[in-house]
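# Fold and geometry: a report
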Amino acid sequence: MFRRNRDEYFEEEDRFARRGCGLPLIIGGVIVLLTLLAGGALGVASSLEAATSTDPVFAMSPDSIAYASVTLPADPRLLYATARAGSGVGGQREPQWLKKFVSNARKNGLDVESDVLPWMGRSVGLGIVGPKNLDLSDGTGGASSLGRRKEPKMLLALAVKDERAARDGVRKMLLAQSKQEGNRSAKIKEATHGKVKVFSAPGKKHGEELAAAVTERTALFANSRSSLDDAIDRLQANKESLGDRKEYKKVLANLPEQRAMWFFVNTGPLLEMAKNRSDRRELQAAGLFQKGLAGIAVSPMDGGHRLDFYSYAPGKQNLQPAGMEGEAGDKLAALAPGNTFLFLAGENLAGWWKQVQKQLDSAMRGSGVGGGQNPFKALEAQSGINLGRDVFGPYTGEYGLAMAPAGGKKSAAEGLLVLLETPKPAAARASLQKLEDALGKGQPIFRKKKIAGQEAHVLAGPSGSSVRPGYLLGKDYVALALSENTLKKVAGKDTKLADNFEFGIATDQLDRRDSGLVYLNMQALLGELLKDKPEERKKMGKSAAGRYALRLQTVTIGTDTKKNESWGNVILRLNQPEKGR
């Protein structure tokens, strides 16, 4: 088992601590901090460079099924001050949620600024352990929210700079929490576990007890006394914790070290805790849970925010063809119009379809719906078209979808474009001809023409109609669109997305995009959606989420899959506010 040197545990200067989120008022306080981080206060990157406090993960049960952590700036009051000033996405008004939280806390005798923030360290963590008879059903055969019938055990741990001040603050927090849950005449009870003073107060339900303590420079809050006692023993005796588990370390090793907030989930034990096998089957069939590990990290970056995710799912097959080189979207970005504001790219459409069919076959056999038969099989028998061979088969290279402004008062759908790379152009041509024959039942419905020297098939339609679906046969690709004009942009020498400055900046910041890419130019999209709609834009600016969306320049997502592991990055680039605003 991993052991910690006590000096390193408390004093290490160059290590970025790993920490978390936030029982309702107590957890609410931590959620305030998390919300600030997610909403814009992540910009204080310089204050997140070196944490010097304990790591709450070592207080967590090794059986934790979920864990959330956060690292605060050197002075946690900076976050609170940031929110009060309304910086980041908050505009110039104090957020209503912050007003409500502070008001509720003060009504229950807790002043966050003076009673909590001064003694808080930089690390916060929340661990959840589900009871062994956790019921995941809602009594009707469906899935319920986690722990609706029996509460999971929760432990909140906060690193502290001053244990004496922390004990006074913990008493006030616990009492405020108890009052918030309806125990208006609640009093704090004191006891000891070992040599540690333990505080307790009535919880929300009859017989429930909230408990808290301060030990090893860590403040602990739990919704059961047994969980608290276990945590105290774990810290004082270096007993095995979540931080010592190989599953936790595996996820941690696949996320950036420089992170401000992160989440860990182990869904295998969660499924095993389901009350009966029927619950487990229903949850898995619904796609709600699959056995595996997952982690998400949120980090500050210049001009925006960054999210990284990692997942491990035993048995999952890799859809990326062996030997394929380059990053998803590289080739197709050289075909998509330069003003494309939405671009999605992946690899091996044929392999993806095979995997979908396997999963669908398995799900249908298990459900018994429709005689347990895959509905696509009946469609193929009726049409004579084999989807795997005749529709998806030729496309083992990149595939993508692009959306660009149609221009003027044209339908936005006219800017939609599907791009399919194929190393087998002859097979693609034969496949498309077979589909044409099937659709027209032997009668030609497309007319051939040349577009920028390339063969195109365009649907015959009313004269003057701009909506004219068709496809273009390139040297090693097929382009499908609802507008002939869009096909011209692909075949012609117009500026391409690969030359777009914003696209280049946004995608260059991705570490992983070997298997998939999503690019969204939010400003261009909003320009289309809110064109000639000033009132709608003003309405968006009245909410924090709306203001954040208005500030977003680009969103990019890159993914990579190898065997049974997946990685990804999300980059959120923000417009910098004008001076004086």
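Residues numbered from 1 in each chain as written. Predicted model: local features only at pLDDT ≥ 70, side-chain atom pairs only at ≥ 80, totals over all residues. Heavy atoms only, no water.

## A short note on the overall build of the protein chain
Scanning the protein chain for helices and strands turns up 19 helices and 20 strands. Residues counted as buried form 49% of the 581 residues belonging to the protein chain. Total accessible area on the protein chain is roughly 28,000 Å²; 53% of this is exposed by carbon and sulfur atoms. (Helix = DSSP H or I, 4+ residues; strand = E, 2+ residues; numbered from the N terminus. Buried < 20%, exposed > 50% of the residue type's maximum accessible area, 1.4 Å probe, protein only. Areas by Shrake-Rupley, 256 points an atom, 1.4 Å probe, with all protein chains shown as cover.)

## Some points on the pattern of salt bridges
With the rule as written, the count across this model stands at 20 salt bridges. Between Arg-171 and Glu-190 there is a salt bridge whose closest N-O contact spans 2.4 Å. Residue Arg-171 is found in helix 6 (residues 163–180), and its partner Glu-190 is found in strand 4 (residues 189–193); the two are separated by 19 residues along the sequence. Among the residues examined, Glu-190 registers a relative accessible area of 45% and is labelled partly exposed. Between Lys-331 and Glu-421 there is a salt bridge whose closest N-O contact spans 3.1 Å. Here the residue Lys-331 occupies a position in the loop between strand 10 (304–312) and strand 11 (342–347), and Glu-421 occupies one in strand 13 (residues 416–421), the gap between them amounting to 90 residues. Each of Asp-63, Arg-245 and Glu-247 takes part in a single network of salt bridges with overlapping partners. (Salt bridge = Lys/Arg side-chain N within 4 Å of Asp/Glu carboxyl O.)

## Thoughts on the confidence of the model for the protein chain
Taken residue by residue, the protein chain gives an average pLDDT of 77. The fraction at 70 or more is 73%. In the predicted structure, residues 86–92 sits below a pLDDT of 50 and forms 16 contacts with residues beyond four places in sequence or in another chain. (pLDDT = per-residue confidence, 0-100. Contact = heavy atoms within 4.5 Å.)

## Things to note about the nonpolar core
Judged by nonpolar contacts, the single largest core of 35 residues is most densely connected at Trp-119, Met-120, Val-170, Leu-174, Ala-219 and Phe-221. Among the secondary structure elements, those contributing two or more residues to this core are strand 1 (66–71), helix 4 (96–107), strand 2 (120–129), strand 3 (153–160), helix 6, strand 5 (196–202), strand 6 (209–215) and strand 7 (218–222). Counting residues per element, this core draws most heavily on helix 6, at 5 residues. If you look at the next biggest cluster of nonpolar residues, it comprises 28 residues, including Phe-58, Ala-59, Tyr-67 and Leu-242. (Core = buried A, V, L, I, M, F, W, Y, C linked by side-chain atoms within 4.5 Å.)

## Structural notes on the packing of helix 17 (residues 522–529) against helix 19 (residues 544–551)
With their axes 8 Å apart at the nearest point, helix 17 and helix 19 run at an angle of 110° to one another. When the interaxial angle is binned, helix 17 and helix 19 end up roughly perpendicular. Of the residues in helix 19, those touching helix 17 at Met-522, Gln-523 and Leu-526 are Ala-549, Leu-550 and Arg-551. In the contact of helix 17 with helix 19, the residues fall into 4 nonpolar, 1 polar and 1 charged. (Axes fitted to C-alpha atoms, helices over the stretch in contact; angles between N-to-C directions. Parallel < 35°, antiparallel > 145°, perpendicular 65-115°, else oblique. Nonpolar A, V, L, I, M, F, W, Y, C, P; charged D, E, K, R; others polar.)

## As for the side chain of Glu-502
Structurally, Glu-502 is set in helix 16 (residues 501–508). In terms of polar contacts, Glu-502 uses its side chain to reach the side chain of Arg-573, at 2.7 Å. The contacts of Glu-502, once residues within four sequence positions are left out, are Tyr-519, Asn-521, Gln-553, Thr-554 and Arg-573. (Polar contact = N/O pair within 3.5 Å; in protein donor to acceptor, adjacent residues only side chain to side chain.)

## Points about the pairing of strand 6
Extensive coverage of strand 6 is indicated by the burial of 6 of its 7 residues. Joining the antiparallel neighbours strand 6 and strand 7 is a turn of 2 residues, in which Glu-216 adopts a positive phi near 50°. (Pairing = 2+ DSSP bridges.)

## Comments concerning the pairing of strand 13
Summarising the sheet, strand 12 (residues 398–403) and strand 13 pair through 5 bridges and their orientation is antiparallel. The partner of Gly-400 across the bridge, within strand 13, is Leu-419. With 5 bridges connecting them, strand 13 and strand 17 (residues 477–481) associate as antiparallel partners. Each bridged residue has a counterpart across the sheet, and for Leu-420 the counterpart in strand 17 is Val-478.

## Overview of helix 15 (residues 484–491)
Within the span of helix 15, buried status applies to Glu-484, Thr-486, Leu-487, Val-490 and Ala-491. End-on view of helix 15: buried residues confined to an arc of 155°, all on one side of the axis. Among the structural elements, strand 13, strand 14 (446–451), strand 15 (454–459), strand 16 (470–473) and strand 17 are those in contact with the buried residues of helix 15. By the N-cap criterion, in which a side-chain oxygen at the helix start approaches the backbone nitrogen of a residue two or three places on, helix 15 is capped by Ser-483, the distance to Asn-485 being 3.1 Å. (Arc of directions from axis to C-beta.)

## Points about the side chain of Gln-553
By the element assignment, Gln-553 lies in strand 19 (residues 552–562). The buried category is assigned to Gln-553, whose relative accessible area is 11%. Sequence-distant contacts of Gln-553, defined by excluding residues within four places in its chain, comprise Glu-502, Leu-520, Asn-521, Met-522, Gln-523, Arg-573, Leu-574 and Asn-575.

## Side note on the packing of aromatic side chains
This structure, assessed with the given rule, holds 11 aromatic pairs. Measuring from centroid to centroid gives 6.1 Å for Phe-343 and Phe-503, while their planes differ by 80°, and the two rings are edge-to-face. Of the two residues, Phe-343 is situated in strand 11 and Phe-503 in helix 16; the sequence distance between them amounts to 160 residues. A ring pair is formed by Trp-353 and Phe-392, whose centres lie 4.5 Å apart and whose planes are at 20°; its orientation type is stacked. Pair noted here: Trp-353 is in helix 11 (residues 349–367) and Phe-392 is in helix 13 (residues 387–392), with a separation of 39 residues, a long-range link. One exposure class covers both Trp-353 and Phe-392, and it is buried. In this structure an aromatic cluster arises from ring pairing among Tyr-67, Tyr-248, Trp-262 and Phe-264. Sitting over the ring of Tyr-312, Lys-250 keeps its end group 4.7 Å from the ring centre. We note Arg-259 situated over the ring of Trp-262; from NZ or CZ to the ring centre the distance is 5.5 Å. (Phe/Tyr/Trp six-rings, centres within 6.5 Å; stacked < 30°, edge-to-face > 60°. Lys NZ or Arg CZ within 6 Å of the ring centre and 35° of its normal.)

## A short note on the environment of Val-570
Topologically, Val-570 is positioned in strand 20 (residues 565–574). When its relative accessible area of 14% is taken as the criterion, Val-570 is described as buried. Here the alpha-carbon distance between Val-570 and Thr-559, two residues 11 residues apart in the chain, equals 9.0 Å. Setting aside anything within four residues of it in sequence, one finds Val-570 in contact with His-305, Arg-306, Leu-307, Phe-309, Val-555, Thr-556 and Ile-557.

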